[in-house]
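Understanding the architecture of this molecule
Read off the chains here:
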Amino acid sequence: MAQIIAIANQKGGVGKTTTAVNLAASLAVLKKRVLLVDMDSQGNATMGSGIQKNDLLYSITDVLLGEVPIETAITKSEVGYKVLGANRDLSGVELAIAEQEGREFILRDALGEIEKSFDYIIVDCAPSLSLITVNALAAVQGVMIPMQCEYYALEGLADLTQTIDRIQQALNPELEIIGVLRTMYDARNALTRDVSEELQQYFGKKLYDTVIPRNVRLAEAPAHGLPVIYFEKSSKGAVAYLNLAAEMLKKSKVKKGSKA
Ligand SMILES: Nc1ncnc2c1ncn2[C@@H]1O[C@H](COP(=O)(O)OP(=O)(O)OP(=O)(O)O)[C@@H](O)[C@H]1O
Ligand SMILES: [Mg+2]
């Protein structure tokens, strides 16, 4: 059974897509079978994986509208993992499914059909708490929250954790925050350190030890349709995301051990 993880934060530009793409690539490098699902009509995770969003034969839109089986819509990439892509068509889906019974569970049911083929399914969410994001949160076991260590990061936190609690109660009892990731981290900045400390107090062990530094290679790689590890594998960004994948694997092993 696959571990299914959403990368979510309703705040824009915090590094969700960068994390989704580079975590998917790092897990694939560590020999895991990975599917990346793009749930954002911006299609950045699709493009960042080297797939032209406007040339997709089928996308997540077709899956959510029930027009093709999920297997048909999944595409190969050249960067080690498979992709269920998105483009602007996705922005019309919310309205189309709004009145449908079971509208929150379309992604969950579709992923159920293919999850045996993967070890990890990573779902990149849009910066909103729309029905599309609710579909993502209803389909996953865990949410990873990327955060920039700036003052305003803390402001949206209560909204996000409340939404996660609400979805856990109403739609998905197994949903939990698996980890909070500090992105675009600058250790020289005093505010970064202050916010970081607050995150430590708020999230405790859920805060990943690994931090993702601000690294220009991470910002450049998507323009080449590449995860950073294929763009410059010795860059700080590539090393940080590999460390994150390793930390995640280690944590999930410890957890499995404690349940057994
Ligand atoms: N660690 C980093 N170092 C430098 N630049 C970064 C880093 N992480 C992300 N960026 C850049 O910051 C911008 C926002 O990142 P990204 O697209 O991953 O955020 P997002 O949360 O997915 O945004 P959105 O909310 O629009 O979906 C992008 O231009 C990205 O290349
Ligand atoms: Mg994004």
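Look up a bit, the structure's there.
Everything numeric here is computed off the predicted structure, so don't read it as measured data.

What the largest pocket holds in volume is close to 1,000 Å³. Along its surface, the largest pocket is lined by 32 residues, and Q3, K251, S252, K253 and K255 are the ones closest to its centre. Those elements giving two or more residues to the lining of the largest pocket turn out to be β1 (3-7), β7 (176-185), β8 (207-213) and α13 (236-259). Per-element accounting of the lining of the largest pocket gives the leading share, 12 residues, to α13. Partitioning the lining of the largest pocket into residue classes produces 12 nonpolar, five polar and 15 charged. Looking at the second largest pocket, its volume works out to about 520 Å³. Top element by residues in the lining of the second largest pocket is helix α1 (residues 16-29). It accounts for five residues. When grouped by side-chain class, the residues that make up the lining of the second largest pocket number 15 nonpolar, 11 polar and three charged.

Here the focus is the site of ligand 1. Lining the immediate surroundings of ligand 1 are 17 residues, of which K16, T17, T18, P213 and N215 lie closest. Taking Q42, its side chain carries an N or O atom lying 3.2 Å from an oxygen atom of ligand 1. Protein chains bury 80% of the 620 Å² of accessible surface belonging to ligand 1 in isolation. Spatially, ligand 1 is embedded in the second largest pocket. The set of elements that each furnish at least two residues to the shell around ligand 1 consists of α1, β8 and α11 (216-220). Counting residues per element, the shell around ligand 1 draws most heavily on α1, at three residues. Here the residues of the shell around ligand 1 sort into seven nonpolar, seven polar and three charged.

Cut-offs used in this document
- Starting afresh in each chain, residues are numbered from 1 along the sequence in its written order.
- Chain A is the first chain written and ligand 1 is the first ligand written, with later ones labelled in order.
- Where totals are concerned, whole chains, interfaces and linings use all residues; where local detail is concerned, this predicted model gives features only for residues with pLDDT of at least 70, and gives and counts side-chain atom pairs only at 80 or more.
- Note that the side-chain values use all heavy atoms of the structure and ignore hydrogens as well as water.
- A pocket here means an open set of points on a 1 Å grid, computed over the protein atoms alone, that has protein on both sides within 12 Å along at least five of seven lines. A cavity is instead a set of points where a 1.4 Å probe fits but cannot get out; residues with an atom within 4 Å of a point line either one.
- Grid points are joined across faces, edges and corners, and a volume is the space filled by probe spheres set on the points.
- The helix and strand labels rest on DSSP assignments: H or I over at least four residues marks a helix, E over at least two residues marks a strand, and numbering proceeds from the N terminus.
- Polar here means any residue outside two lists: the nonpolar Ala, Val, Leu, Ile, Met, Phe, Trp, Tyr, Cys and Pro, and the charged Asp, Glu, Lys and Arg; Gly therefore counts as polar.
- Definition of nearness: a residue and a molecule or strand are near each other if at least one heavy atom of the residue lies within 4 Å of the molecule or strand.
- In the analysis that follows, any N or O atom pair within 3.5 Å is treated as a polar contact, provided that within protein one partner can donate a hydrogen and the other can accept it, and provided that, for residues neighboring in sequence, both atoms belong to side chains.
- Only the protein chains shown count as cover for residues, with accessible areas throughout obtained via the Shrake-Rupley method and a probe of 1.4 Å.
- Cavities and pockets are treated as containing a molecule whenever more than half of the molecule's atoms lie within 2 Å of their grid points.

Honestly, that's just the spatial picture; any functional story needs more than this.
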